[in-house]
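Summary of structural features
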Amino acid sequence: MSAHDKLLGLSARPKIAVHKFSSCDGCQLALINDAVSLIELSSLVDVVHFAEAGPLDEFAEVDLAIIEGSVNTKHDIHRLEKIRAQAKYLLCIGACALTGGIQGLRNFTNPQQLLHWQHDIYPQETQIVIDEDLATAKAIHEYVNVDFEIPGCPVTSAQIMHAIRSILFGVEPEKNVDPVCTSCKHAGVTCVMVAKNEPCLGPVVANGCEALCPKLGRGCYGCYGSSKYANMDAMKNKLREMGLTEQQIMHKFHHINSQDAKFKGE
Amino acid sequence: MSVTKTTKIEVPILARVEGEGALDIEIENNEIKKCELRIYEPPRYFEKFLEGREPNEIIDAVARICGICPLAYQTAAAQAMEQVFGIEISPWAKDMRLLMMLGQWIHSQYLHVHLLAAPDFLGYRSGIEMAKDYPNEVLRGVRLQHLGNDIMKLLGGRSVHPNGVKLGGFWSSPKESTVKAFIPRLEAALKDAKEVIEFVAKLPFPDTTIPFKQVSLRHPTEYPVIASGVITSDGEEFDIADWEHHFKEFHAPQSTALHSTTLDDKPILLGPLPRLNLNFDRLPKHIQDMANATGITFPSNNMFHSVVARAIEGYWAIERALEICQAYTYTDTPSAPEQYAAGSAWAAVEAPRGIQIDKFDFDAQGKATHIRISAPTSQNLPCMEADLRIALKNFGLDRPNHELQLHAEMVVRNYDPCISCSAHFLTLNVVRN
């Protein structure tokens, strides 16, 4: 099925829901922050569930369910399955929903370590946490079928409005395949690695931020996940040449998007 | 034989608050039997996965605790690290840290006033719905929100998870022309901000009195944003490093959220109303006059006046940001040199919704060995539950369920709870009725 055919099922006036899983809320804020666009959007669609903005109807049948956050608890698996069953299309926004996000760092623990974490943070009522916690914080697509994804930590208002607009026009949101370096070149930003010997993941990280960190004179740390043609070995070699230890390199890869296949080392 | 009349009000999802929370209230014979605020945000373990990490990675990471107040976490973490390592940040960097925090205050306070709180007072389900009848007010709120966001972008590149703060100061210094361009916007915003104060002062406030101990940061010379002093409504003043000698954090069995109370188990209240009550003398005289002109006497113990406190703080924040921008000069050394030393330190900032407190331990290589991060909302949780009991009783327990529910939600929203924050490491009662 082509992407165009895929979106033929969309209603003339689509119903939209926004759901939060484990996250900081920052991606939903991309919708609320631009309240003018949100008001305009609500003239084109019915926003039936968006707890932070007000509307509540968690398991309503919708055309498009927008999901922020990762799955870390048993309860959330069931909630996600119910939401998926009621939605024609699923749009995941942000690093947590796409790769598990920063809390995906728990996935590197063994059961003893996780137990230690749980006891350390919840000394009194640990069992309640243990009973509900999953051993992992994982992406939405690990549990249900996902139709569209927008990367970023956080996603921007422009990205999300662009994606929703595309979907309303029956067009699949476009994917950015370029690395951050492309934006530096377009904007004429001096390379921080070449000029300042500042470690930068720009060569292997997907663009979307328009080289926000290099513009501030610092290296990219990977908010948008790996880029399509990333050469991770070359990146590692460059960081070694710059004097970074193996642990420092590992920490750079295991940060915002540690469960991204290329950063994880798969 | 007496008939027991039991009313149960369950709010499975609290709307117009940040994050995922629920509320259960049980009324029996016109008495509140149960009043529980449940938070079911899953734990994320920031304090654990950041052990062994380098300072600047931690500054980038802690922003992710909360999309609404990322800068509070970044600023407090940087301040704690600089104390441990003995790094003195420049007056320029101090000004810029304050300017960015003011940007976050401006964004968050006006978001709350217009989109989250005002619909309650005016009888709408959401800000979107309210915009149909109050387009100018909502647009004014959006303008002010954007101003706050743009101030954060000035130094951080973006407003959610900004990237400007580093150990010792900032990664870069903005051009003078870019900063000066904010002056006319801030001047125009003062007019908007004055109107917001007048607008919120006219809202219909339910009558209620909170008996809680109020706690705020205290700055030696001005209204507190980044400060190390603590002041309480019982007249205590102490350094943030002595926090644990006055208050305790514990894991409450009924909600399993980490709560803060006094050592003798009394709730403590943090946020805009206690901040204004305890620091009214730190406001410039003309802003005190504006506050008095609302007809509300500060200190006020009516928690519904929080929305007015937010509007007054917003005005102060805009004026303070204007002063910083007017005095701004470019520097080619936005950061002090980095150095590491083993040790431990406390630091705190006033996030829009209350005090955010950190304690960091580092080894001699600058790697974190122990981290404690306390979110403002988790500290306010016992107050919210106690306040609900008082406010609902004042409201009248014999009222219909839907009215009680709306009122209860309004009480909770008053605190502008940031539930992702409070649950980044704690909580959860996942039993949903």
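Parameters at a glance
Throughout this description, residue numbers start from 1 for each chain and increase along the sequence as written. Following the order in which they are written, the chains are lettered starting with A and the ligands numbered starting with 1. In view of the model being predicted, local features appear only for residues whose pLDDT reaches at least 70, and side-chain atom pairs are presented and counted only at 80 or more, with totals across whole chains, interfaces and linings using the full set of residues. Working definition: helices are DSSP H or I runs of at least four residues, strands are E runs of at least two. Numbering for both runs from the N terminus. Two things to know: the radius of gyration comes from C-alpha atoms, and the globule rule equals 2.2 Å times the number of residues to the power 0.38. Three classes are used. A residue is buried when 20 or more other C-beta atoms lie within 10 Å of its own, exposed when 12 or fewer do, and partly exposed in between, with C-beta atoms placed from the backbone. Whether two residues are in contact is decided by their C-beta atoms, placed from the backbone, lying within 7 Å. Throughout, the ten residues Ala, Val, Leu, Ile, Met, Phe, Trp, Tyr, Cys and Pro are labelled nonpolar, Asp, Glu, Lys and Arg are labelled charged, and all others, Gly among them, are labelled polar. Take the buried Ala, Val, Leu, Ile, Met, Phe, Trp, Tyr and Cys residues, join any whose C-beta atoms are within 7 Å, and the set you get is a nonpolar core. Multiply 1.5 Å by the residue count of a helix minus one, and that product is the helix's expected span. For two strands to be treated as a pair, DSSP must find no fewer than two bridges joining them. Throughout, an axis means a line fitted to C-alpha atoms (over the contacting stretch in the case of helices), and angles, computed between N-to-C directions, take values from 0 to 180 degrees. Should an angle fall under 35 degrees it is taken as roughly parallel, and over 145 as roughly antiparallel, whereas 65 to 115 is taken as roughly perpendicular and any remaining angle as oblique. Throughout, a crossing is termed right-handed when the near helix is turned clockwise from the far one, and left-handed when it is turned anticlockwise from it by less than a right angle. A residue's pLDDT is simply how confident the predictor is in it, with values from 0 to 100.

Observations regarding the overall build of chain B
The secondary structure content of chain B amounts to 15 helices and 14 strands. Relative to the 2.2 N^0.38 estimate, which gives 22 Å for 433 residues, the radius of gyration of chain B is 21 Å and therefore close to what a compact globule would have. Its C-alpha atoms put chain B at 80 × 45 × 40 Å along the principal axes. Expressed as a percentage of the 433 residues in chain B, the buried residues total 56%. Across chain B, the fraction of contacts at a sequence separation of at least 24, relative to all contacts at a separation of at least 6, is 73%.

Some words on the overall build of chain A
Counting its regular elements, chain A contains 14 helices and 7 strands. On the principal axes, the C-alpha backbone points of chain A span a range of 55 × 50 × 35 Å. Scored against the burial criterion, the 266 residues of chain A give a buried share of 51%. For chain A, the proportion of contacts with a sequence separation of at least 24, taken over those separated by at least 6, is 73%.

Notes on the interface of chain B and chain A
Contacts between the two partners involve 49 residues from chain B, matched on the other side by 51 residues from chain A. In terms of residues, the side of chain B that touches chain A owes the most to one element, helix H6 (residues 135-156) of chain B, which gives 4 residues. Here the side of chain B that touches chain A is built from residues that sort into 23 nonpolar, 14 polar and 12 charged.

Side note on the nonpolar core
Within the largest apolar cluster, 203 residues are counted, with the highest numbers of intra-cluster contacts made by A:Ile93, B:Val62, B:Ala77 and B:Ile151. Among residues more than four places away in sequence, those in contact with B:Val62 are B:Phe46, B:Tyr73, B:Gln74, B:Ala77 and B:Ile373.

A word on helix H12 (residues 306-326) of chain B
Taking 1.5 Å of rise per residue, the 21 residues of H12(B) would be expected to cover 30 Å, and the 30 Å separating its terminal C-alpha atoms lies within 8% of that figure. Of all 21 residues that make up H12(B), 16 are buried, and the element is covered over most of its length.

Considering the environment of B:Ala317
Residues and elements named next belong to chain B. Relative to the helices and strands, alanine 317 resides in helix H12. For alanine 317, a count of 30 C-beta atoms within 10 Å translates into the label buried. Expressed as a C-alpha distance, the spacing of alanine 317 and alanine 72, which sit 245 residues apart in the sequence, is 15 Å.

Topic: the sheet that holds strand S7 (residues 148-150) of chain A
Residue and element names in this part refer to chain A. The strand order S2-S1-S3-S5-S7 describes an open sheet built from 5 strands, whose pairing is parallel. Across the chains shown, the open sheet's two edge strands, defined by having one partner strand only, are strand S2 (46-50) and S7. Direction aside, neighbouring strands of the sheet carry axes that sit 20° apart on average. Seen against the sheet, helix H8 (residues 157-168) touches strand S3 (62-68), strand S5 (87-93) and S7 and runs at an angle of roughly 160° to S7.

So, the sheet that holds strand S12 (residues 343-351) of chain B
Residues and elements named next belong to chain B. Strand order in the open sheet formed by 3 strands is S12-S13-S14, with antiparallel pairing between adjacent strands. Since the sheet does not close on itself, it has two edges, and those belong to S12 and strand S14 (368-374), each with one partner. Averaged over all pairs of adjacent strands, the angle between strand axes in this sheet comes to 15°, irrespective of strand direction. Here helix H13 (residues 376-395) sits on the sheet and contacts S12, strand S13 (354-362) and S14; the angle it forms with S13, its principal contact strand, is near 130°.

Comments concerning the environment of A:Gln248
Residue and element names in this part refer to chain A. When you line up the elements, glutamine 248 lands in helix H13 (residues 246-253). Residue class for glutamine 248 comes out partly exposed when judged on the 15 C-beta atoms lying within 10 Å of it. Considering only alpha carbons, one finds glutamine 248 and arginine 79, 169 residues apart in sequence, at a separation of 38 Å.

Brief notes about the packing of H13(B) against helix H14 (residues 401-413) of chain B
Between two packed helices, what matters for the description is the angle formed by their axes and the separation of those axes. Residues and elements named next belong to chain B. Axis separation between H13 and H14 bottoms out at 10 Å; the angle between their running directions is 140°. In terms of orientation, H13 and H14 fall into the oblique class. Crossing geometry of H13 relative to H14 is assigned as right-handed. On the side of H13, the interface is formed by Met384, Asp387, Leu388, Ala391, Leu392 and Phe395, while H14 contributes Leu404, His407, Ala408, Val411 and Val412.

Looking at the pairing of S5(A)
Here is the key point about a regular strand: its side chains alternate between the two faces of the sheet. All names here are of chain A. Judged by how many residues are buried, S5 sits mostly within the fold: 5 of 7 residues are covered. As judged from the 6 bridges shared by S3 and S5, these two strands associate in the parallel manner. By the bridge assignment for S5, glutamate 68 is matched with isoleucine 93.

Quick word on unusual backbone geometry
Residue A:Pro154 is bonded to the preceding A:Cys153 through a cis peptide linkage, with omega at 0°. Tracing the backbone through its elements, the reader meets A:Pro154 in the loop between S7 and H8. Between B:Phe298 and the following residue, B:Pro299, the backbone shows a cis peptide bond with an omega angle of 5°. Topologically, B:Pro299 is positioned in the loop between helix H11 (285-292) and H12. At B:Asn29, a position not held by glycine, the phi torsion is positive, near 50°. Summarising the element assignment, B:Asn29 is placed in the loop between strand S2 (21-28) and strand S3 (31-39).

Points about helix H10 (residues 272-279) of chain B
Across the 8 residues of H10(B), 7 count as buried, placing the element largely inside the fold. All of the buried residues in H10(B) are B:Pro272, B:Leu273, B:Pro274, B:Arg275, B:Leu276, B:Leu278 and B:Asn279.

A look at the confidence of the model for chain B
With 91% of its residues at a pLDDT of 70 or more, chain B shows a mean pLDDT of 90. Across the interfaces of the predicted complex, the ipTM metric reaches 0.96, alongside a pTM of 0.94.

What to know about the packing of helix H8 (residues 182-201) of chain B against H12(B)
All names here are of chain B. The N-to-C vectors of H8 and H12 enclose an angle of 165°; their axes lie 9 Å apart at closest approach. Considering their axes alone, H8 and H12 lie roughly antiparallel with respect to each other. Here the hand of the crossing between H8 and H12 comes out left-handed. For the pair formed by H8 and H12, the contact residues are Phe182, Ile183, Leu186, Glu187, Ala189, Leu190, Ala193, Lys194, Val196, Ile197, Val200 and Ala201 on the first element and Val307, Val308, Ala311, Ile312, Gly314, Tyr315, Ile318, Glu319, Ala321, Leu322, Cys325 and Gln326 on the second. Its residues assigned to classes, the contact of H8 with H12 comprises 19 nonpolar, 2 polar and 3 charged.

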